[in-house]
Amino acid sequence: MPLMVATASIVQFDAVRKRYGDGPLVLEGINLAVAPGDFITLIGPSGCGKSTVLKLVSGLNPASEGGLTVLGTTPKQARDRQAFIFQDATLLPWHTAEGNTELPLRLRGVTAAERKAKAREMLALVGLDKVSGYYPRQLSGGMKMRVSIARALTLAPELLLLDEPFGALDEMTRNRLNEELLTIRERSRFTAMFVTHSVSEAVFLSNRILVMAANPGRIHAEVKVEFPYPRRADLRATPAFQARVNEVSRLLHQVELPIHA
Amino acid sequence: MKKTPSILLWILPVVSGVLFVTLWYAVRSGSGLQSWILPTPGEIIDAAWREHTRLLRAAGNTMVGALAGFLLAGTLGFATALLLGVSRSLRAGLYPWLLVLQMTPVIVLTPIIVLWAGPGLPGIITVTWLISFFPIVANMTQGLVSTDMNHVALFRMANASRLQEMLLLRVPSAMPYYLAGLRIAATLAPIGAIFGEYMVGNSAGGSGGLGFLVYSYNTQIKIPALFATALTSCLLGFIFVAAVSLLNWAVLHKWHDSYERDDH
C-alpha cells in the first residue's frame, strides 16, 4: 500500500531534512505526498523553510537527508517536466514579452517559427497578446508576472512551483491573478506547489494548505479546502471561505506564538 | 522619440566654461606671464588656425593608430573577459597578471614595444591597445560574474547548457558593463596613440601624428601651438566617446533602465 502511494505521487518527501553547509537545520522530518492535481500551498512564518521545500523539489538545492522523489524520479531528472515561478518575475530585460515567453523553447533548440507561434499562444492565454513586443520595463508588475506565468507554461509542465509569485502586487491585482491562475489550470492541468504569506490567497487557490513552523522548519498542520474547482471570485465573500481563513489564521497564530514568548 | 533635456544640462557647462575662460584671462593679465608660458585662449585659437593643416593631418594619422588600437582592445578585451568569465580558476590564475600588466608604467614598456613591434604604426597600435585593454576586460568580467542569481536559477531550471548560459544570459546582461569599459577605453585610446607617437617617433604616415607635433612644437617652444595640439587631441577623444555613446544607445536604449523615460 505505501508503495502504491509513492508511485502515484507527483512529489514524495520521506523524512527529508535540509541544512545549508554546517548551518542549523532548515527543514526537519518533512513527510509529504503531493497527489496529481493537487494545489498545495505552504504557509508559515519567515524562516520556516517553505521556499526551501520548493528549491528541493526543483533540484536547485539537494536534500541533506531522507528520500525525495519528483515525478517518479530525482528532482534534477524531473526538471524537464516542472517549471518554477519566482518571487520576482525574473524576465530578461533585453527581451520583449514574446522573447521572454519563448526562452524555454529557445533553450531546447526549437525553431524560431515554432517558438513564435507558441509564445503568442501562451501570451494570449494570460491576456497579453497585445503587448507581446513590449520590453519588461514597459510592463506593470502584474503584467510582468503574467509573462512569467506564460513562460513557465510554454513547455506544458506537469508540476508548477510558485514561490510567492504575487507577493509584490497590490491586492486587487493579486486577486485577479489568483482567479486567472485557476482558470489557466482548468486548461493546463498542472499540479501546483505554492508558497505565500497571504492566508486568503492560500484558501482561494488550494485544496490543501500546509501550515509550517520555524526553527527548524517543519509541517505543523494540514488544512483541506474542499471548495470545488473552478472557483470564482465571489467565493471569497462566503461565510464558509471566511471560516477556512479563520482556521488557517488560528493555526498560523499557534506557530507564531513561541517567537513572541 | 524626442527627449526634452532639462535646460540646466545645457546651461551649466556653458556657464562653467565662460567662468573658466574669464579666470584664465584674469590670471594671465594679473600675473604678467608671457604668451610663451601661458597663452590666452585667444592666442591658442589663433595658433590652432595658423597650424590647422598640420594639426588636422596629424589628427588623421593619430586617428588611424588610436582606432586600430581601440578596436583591437575592444575585441580582445571581450574575448579575454569571456575566457575569465567561464571559469573561476582561469580568473584566479590570469587576473593578477592582467593587473600587473596594467600597473606596469607604459613608459617602461614602450621601448620594449618599439623593440618588438618596431617603430611606426605597429608600435603605436600596441601602446594604444595596452592602455585601453584593461578597463574593458575588468568591466566586462565584472559584468559576466554579476548576473542576477534568479536568472541563473531560471536557466539551470530549464536545463540550459553552460554555453547557453554564457551566450544567452551572461553576455547580454554584461553588455552595460562592457560598454562602460569601452567608454573609458575611448577616452584612453587617443592618449595612448599620442603617447605612442611621442615615444615611437615620427615614422607613422610620413608627416607624423599629434604625438610628433607635441615633440616638435615643444622643441621649437611654440607653446600656443602646443596648447592647440592638446585641444585637437581632446576633440579626437570626443569623437571616440561620441561613437561609443552611439553604440551604447544602439545596444541598450530599448531595454536598459539607463534610458528609462519619465513619460510612462
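All chains use their own residue numbering, which begins from 1 and follows the written sequence. For naming, the first written chain is A and the first written ligand is 1, with later ones following in the order written. Under the rules for a predicted model, residues below a pLDDT of 70 receive no local features and side-chain atom pairs below 80 are neither given nor counted, while totals for whole chains, interfaces and linings still include all residues.

Trainee: Just to check I follow, could you spell out the overall build of chain A for this structure?
Mentor: The secondary structure content of chain A amounts to nine helices and nine strands. In terms of overall dimensions, chain A is globule-like: its C-alpha atoms have a radius of gyration of 18 Å, near the 18 Å expected for 261 residues. Its C-alpha atoms give chain A principal-axis dimensions of roughly 55 × 40 × 35 Å. Across the 261 residues in chain A, those meeting the buried criterion constitute 44%. Throughout, a pair of residues is in contact if the C-beta atoms placed from their backbones lie within 7 Å. The long-range fraction of contacts in chain A, counting pairs at least 24 apart against all pairs at least 6 apart in sequence, stands at 71%. Put simply, DSSP H or I for four residues or longer makes a helix, DSSP E for two residues or longer makes a strand, and each gets a number counted from the N terminus. Atoms counted for the radius of gyration: C-alpha only. Globule rule: 2.2 Å times the number of residues to the power 0.38. Three classes are used. A residue is buried when 20 or more other C-beta atoms lie within 10 Å of its own, exposed when 12 or fewer do, and partly exposed in between, with C-beta atoms placed from the backbone.

Trainee: For this particular structure, what's the right way to read the sheet that holds strand 1 (residues 11-19) of chain A?
Mentor: Each strand in a sheet pairs with another by means of backbone hydrogen bonds, the pair being arranged parallel or else antiparallel. Residues and elements named next belong to chain A. One requirement defines pairing of two strands: DSSP has to find at least two bridges between them. Across the sheet, three strands lie side by side as 2-1-4; this open sheet has antiparallel pairing. Strands at the two margins of the open sheet, each flanked by one partner only, are strand 2 (25-34) and strand 4 (65-70). When the angles between neighbouring strand axes are averaged without regard to direction, this sheet yields 20°. The pairing of strand 1 with strand 2 spans six bridges and is antiparallel. By the bridge assignment, Arg19 is partnered in strand 2 with Leu25. The axes are straight lines fitted to the C-alpha atoms, using for helices just the contacting stretch, and the angles between their N-to-C directions are given from 0 to 180°.

Trainee: Looking at this structure, how should I read the packing of helix 6 (residues 121-145) of chain B against helix 8 (residues 162-200) of chain B?
Mentor: When two helices pack together, you describe them by how their axes are tilted relative to each other and by the distance separating the axes. Residue and element names in this part refer to chain B. It is the contact of helix 6 with helix 8, at a shortest axis distance of 6 Å, that shows an interaxial angle of 160°. On the basis of their axis angle, the class for helix 6 and helix 8 is roughly antiparallel. As for the relative orientation of helix 6 and helix 8, their crossing is right-handed in sense. Should an angle lie under 35 degrees it is considered roughly parallel, over 145 roughly antiparallel, and from 65 to 115 roughly perpendicular; all remaining angles are considered oblique. The hand of a helix crossing depends on one turn: near helix anticlockwise from the far one by less than a right angle means left-handed, and clockwise means right-handed.

Trainee: Explanation requested: the interface of chain B and chain A in the structure shown.
Mentor: Interfaces are frequently sized by the accessible area removed from exposure as the parts join. With 17 residues of chain B in contact, the opposing surface of chain A contributes 16 residues. Secondary structure elements with two or more residues in the side of chain B that touches chain A: helix 7 (149-157) and helix 8 of chain B. With six residues, helix 7 of chain B is the largest single contributor of residues to the side of chain B that touches chain A.

Trainee: How should unusual backbone geometry be read in this particular structure?
Mentor: Most of the time, phi is negative for any residue but glycine, and the peptide bond is trans. Residue and element names in this part refer to chain A. Omega for the bond connecting Asn215 with Pro216 falls within 30 degrees of zero, at -10°, which places this linkage in the cis form. Looking at where Pro216 falls in the secondary structure, it is placed in the loop between strand 8 (208-213) and strand 9 (218-224). Note that the residue after Tyr229, namely Pro230, is joined by a cis bond; omega there is -5°. A positive phi angle, close to 50°, is found at Ala15, a residue other than glycine. Along the polypeptide, Ala15 turns up in strand 1. What makes Ala15 partly exposed here is the crowd of 13 C-beta atoms within 10 Å. For Glu164, which is not glycine, the phi torsion reads 45° and is therefore positive. Mapped onto the elements of the fold, Glu164 is located in the loop between strand 6 (159-163) and helix 7 (171-188).

Trainee: I keep staring at the pairing of strand 9 of chain A and nothing clicks. Help me out?
Mentor: Every other side chain in a regular strand lies on the same face of the sheet, so the side chains alternate between the two faces. Residue and element names in this part refer to chain A. The sheet contact formed by strand 8 and strand 9 spans six bridges and is antiparallel. Residue pairing across strands places Val211 opposite Ala221, the latter belonging to strand 9. The antiparallel hairpin formed by strand 8 and strand 9 contains four residues in its connecting segment, where Asn215 sits at a positive phi of about 55°.

Trainee: Would you explain the environment of A:Gly67 in this entry?
Mentor: Along the chain, A:Gly67 turns up in strand 4. Separated by 182 residues in sequence, A:Gly67 and A:Ser249 have C-alpha atoms that sit 31 Å apart.

Trainee: Mind showing me how you'd approach the pairing of strand 3 (residues 39-43) of chain A here?
Mentor: Residue and element names in this part refer to chain A. Counted residue by residue, strand 3 has five buried out of five residues, so it is predominantly covered. Summarising the sheet, strand 3 and strand 7 (residues 191-196) pair through five bridges and their orientation is parallel. Each residue of the ladder has a partner; that of Phe39, found in strand 7, is Ala192. Pairing geometry for strand 3 and strand 8, over four bridges, is parallel. Among the inter-strand pairings, Leu42 is bridged to a residue of strand 8, identified as Leu210.

Trainee: For this particular structure, what's the right way to read the packing of helix 8 of chain B against helix 10 (residues 223-252) of chain B?
Mentor: Residue and element names in this part refer to chain B. Here helix 8 crosses helix 10 at 165°, and the two axes come no closer than 9 Å. It follows from the interaxial angle that helix 8 and helix 10 lie roughly antiparallel. Along this stretch, helix 8 crosses helix 10, giving a crossing that reads as right-handed. When helix 8 is examined against helix 10, the residues Met175, Pro176, Leu179, Leu182, Arg183, Ala186, Thr187, Ala189, Pro190 and Ile194 are found in contact with a partner set consisting of Ser233, Leu236, Gly237, Phe240, Val241, Val244, Leu247, Asn248, Val251 and Leu252. Each residue belonging to the contact of helix 8 with helix 10 can be placed in one class, and the counts come to 15 nonpolar, four polar and one charged. For this classification, the nonpolar set comprises Ala, Val, Leu, Ile, Met, Phe, Trp, Tyr, Cys and Pro, the charged set comprises Asp, Glu, Lys and Arg, and every other residue, Gly included, is treated as polar.

Just distances and angles here, no functional claims.
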